[in-house]
Amino acid sequence: MTSSLETVGNGEDVTTQIRDIRAAQPGNLMARYFDEAYYCSLDEAKRERLHKIIRSGIENPDSQMGAYAQYCTDYEDFEPLLEPMIRDYHNISDDRLIAQEHDWATPTSGYNLEGVDARLKDVSMRVRVGRNIGAFPLPGAMTKSSRLEFETLLIEAFSVLMEDPEFGGEYLSLTPGSSCEIDEETYRRRIEAHQMFKDMSGDPYLESGGISSDWPYGRGMYISGSQDFIVWVGEEDHLRVMSMKRGSDLSALFSRLHGGLETLAKLIPDFAHSERYGYSTSCPTNLGSAMRASLHLPLPNLTKEGRDLEHVKETALDLSLAVRGVGGEHSEAGEGGIVDISPRARLGVTEAEIMQCLYEGSVALWSLENAN
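Here the structure is a predicted model, which means the values were calculated and not measured.

K.L.:
Would you mind going over a negative patch on the surface in detail, with residue names and values included?
P.N.:
Negative charge collects at one region of the surface, where Glu 181, Asp 183, Glu 184 and Asp 199 lie side by side. Inspection of the secondary structure assignment puts Asp 183 in the loop between strand E2 (169–173) and helix H8 (184–192). Residue class for Asp 183 comes out partly exposed when judged on its relative accessible area of 46%.

Right under this line is the structure:
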């Protein structure tokens, strides 16, 4: 199949490709909502920009979203195509306004799973947010030099963060020749500990979106001395800021992330944000709060000892949750039927509502698990 970038200025080729994808892959939201009349109304410069946004969905027809923004302004500049996709994915009807409010206020107690069942006193928990700095292009449009410039900016911020007793730690760079560069063995161990992101250069979706270009330059990770506050640099978004713990207190996990995020935000330029779409992200699936809160829950009965995730996925839908294997999307359940569960919604819900959904949904699934 001819790539979208090779057809700049040849609208017939692009529209024919997308028409074929729409017929063969109805789940590809880019192809579903691609409007040929709108496309033909664009001048050549805007068509070229649009090609870069939708390239991943053309070269990877099995994509769900099929688009990666290249600049924060893309969501407004190409709203006629992107908004229907956003509404579909985030389940926002046409008669509802798209708006994002933020609220980090959660109970200091009450979201503790150990209080539900003592067997849940030591689960793996993680909450992260994606953030992009408005002064830079999004990762798909960054050059090698801009990636290095961005990493240098963050290293300076991290040097200040290291002096903070609450969040002090170290920065581990993947950039060859960096003063913070780590060796391959250290990188492998951090991946195995689920702290560092994997090599993105072999991911066909990220490659088509330009996100994995120039690997591994400009990539790295900051980690606190307590190992529970982490900042990824140069992954799908400029920053992925997260807290991860083993335990049962979701409120403490949430508070740890919020404190670290506020501290970091004071050290760097402003994050890209809009009242409608919330925090701008490379993938439209992460718009809004840009938050993913998850935990690993053992559900051997609901998964038939981990062999079948379909039943628990269907059950979780009614609880506004998504379920996947412990190794991420398209992976299987872990030993003892351990699955990763997280609230589905990002856009139009607050951070506090996401954490409440995770807690209440986890309790509901645990109840169903033990009723069998």
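K.L.:
Describe unusual backbone geometry, listing the residues and the values that go with them.
P.N.:
A cis geometry characterises the amide bond from Trp 215 onward to Pro 216, with omega recorded as 0°. Examined against the element boundaries, Pro 216 turns out to sit in the loop between helix H9 (204–208) and strand E3 (220–224). Positive phi, normally seen in glycine, also occurs at His 194, with a value near 65°. Mapped onto the elements of the fold, His 194 is located in the loop between H8 and H9. At Lys 304, a residue that is not glycine, the phi angle is positive and equals roughly 55°. Along the chain, Lys 304 turns up in the loop between strand E8 (291–298) and helix H11 (310–317).

K.L.:
Before we move on, can you summarise the pairing of strand E10 (residues 338–343) with the specific residues and values?
P.N.:
The buried fraction of E10 is high, at five of six residues. When E8 meets E10, the two strands line up antiparallel, connected through four bridges. Residue pairing in the sheet places Pro 298 in a bridge with Ile 338 of E10. The pairing of strand E9 (residues 321–324) with E10 spans four bridges and is antiparallel. By the bridge assignment for E10, Arg 324 is matched with Asp 340.

K.L.:
Any chance you could break down the environment of Cys 180 for me, citing the residues and the numbers?
P.N.:
Here Cys 180 shows up in the loop between E2 and H8. Under the relative-accessibility criterion, Cys 180 is labelled buried at 18%. Residues Cys 180 and Gly 327, spaced 147 residues apart in sequence, show a C-alpha to C-alpha distance of 28 Å. Not counting chain neighbours up to four residues away, the residues in contact with Cys 180 comprise Ile 155, Tyr 171, Leu 172 and Ser 173.

K.L.:
I'd like a description of the environment of Ser 109, backed by residues and values.
P.N.:
Along the polypeptide, Ser 109 turns up in the loop between helix H6 (79–90) and strand E1 (123–131). Residues Ser 109 and Val 233 lie 124 residues apart in sequence; the distance between their C-alpha atoms is 32 Å.

K.L.:
Describe the pattern of salt bridges, listing the residues and the values that go with them.
P.N.:
With the rule as written, the count across this model stands at 22 salt bridges. A salt bridge links Glu 59 to Arg 55; the nearest nitrogen and oxygen atoms lie 2.9 Å apart. Linking Glu 59 with Arg 55, this pair stays in helix H4 (residues 44–59), spanning four residues, or about one helical turn. Note on Glu 59: relative accessible area 28%, which makes it partly exposed. The partner of Glu 83 in a salt bridge is Arg 276, and the shortest N-O contact between them spans 2.8 Å. Placement of Glu 83 in helix H6 and of Arg 276 in the loop between strand E6 (273–274) and strand E7 (278–279) is noted, with a sequence separation of 193 residues between them. For Glu 83, a relative accessible area of 12% puts it in the buried group. When salt bridges that share partners are traced, they join Glu 79, Glu 83, Arg 87 and Arg 276 into one network.

K.L.:
Mind laying out the confidence of the model for the chain, listing which residues take part and the relevant values?
P.N.:
Of all residues in the chain, 96% attain a pLDDT of 70 or more, and the chain-wide mean is 94. Low confidence marks residues 1–6, where pLDDT is under 50. Its contacts with residues over four positions away, or in another chain, come to twelve contacts.

Scoring rules and cut-offs
Residues numbered from 1 in each chain as written. Predicted model: local features only at pLDDT ≥ 70, side-chain atom pairs only at ≥ 80, totals over all residues. Heavy atoms only, no water. Patch = residues over 30% accessible without salt bridge, like charges linked within 9 Å, V, L, I, M, F, W, Y side chains within 5 Å. Areas by Shrake-Rupley, 256 points an atom, 1.4 Å probe, with all protein chains shown as cover. Salt bridge = Lys/Arg side-chain N within 4 Å of Asp/Glu carboxyl O. Lys, Arg positive; Asp, Glu negative; His and termini not counted. Charge placed at Lys NZ, Arg CZ, Asp CG, Glu CD. Helix = DSSP H or I, 4+ residues; strand = E, 2+ residues; numbered from the N terminus. Buried < 20%, exposed > 50% of the residue type's maximum accessible area, 1.4 Å probe, protein only. Pairing = 2+ DSSP bridges. Contact = heavy atoms within 4.5 Å. pLDDT = per-residue confidence, 0-100.

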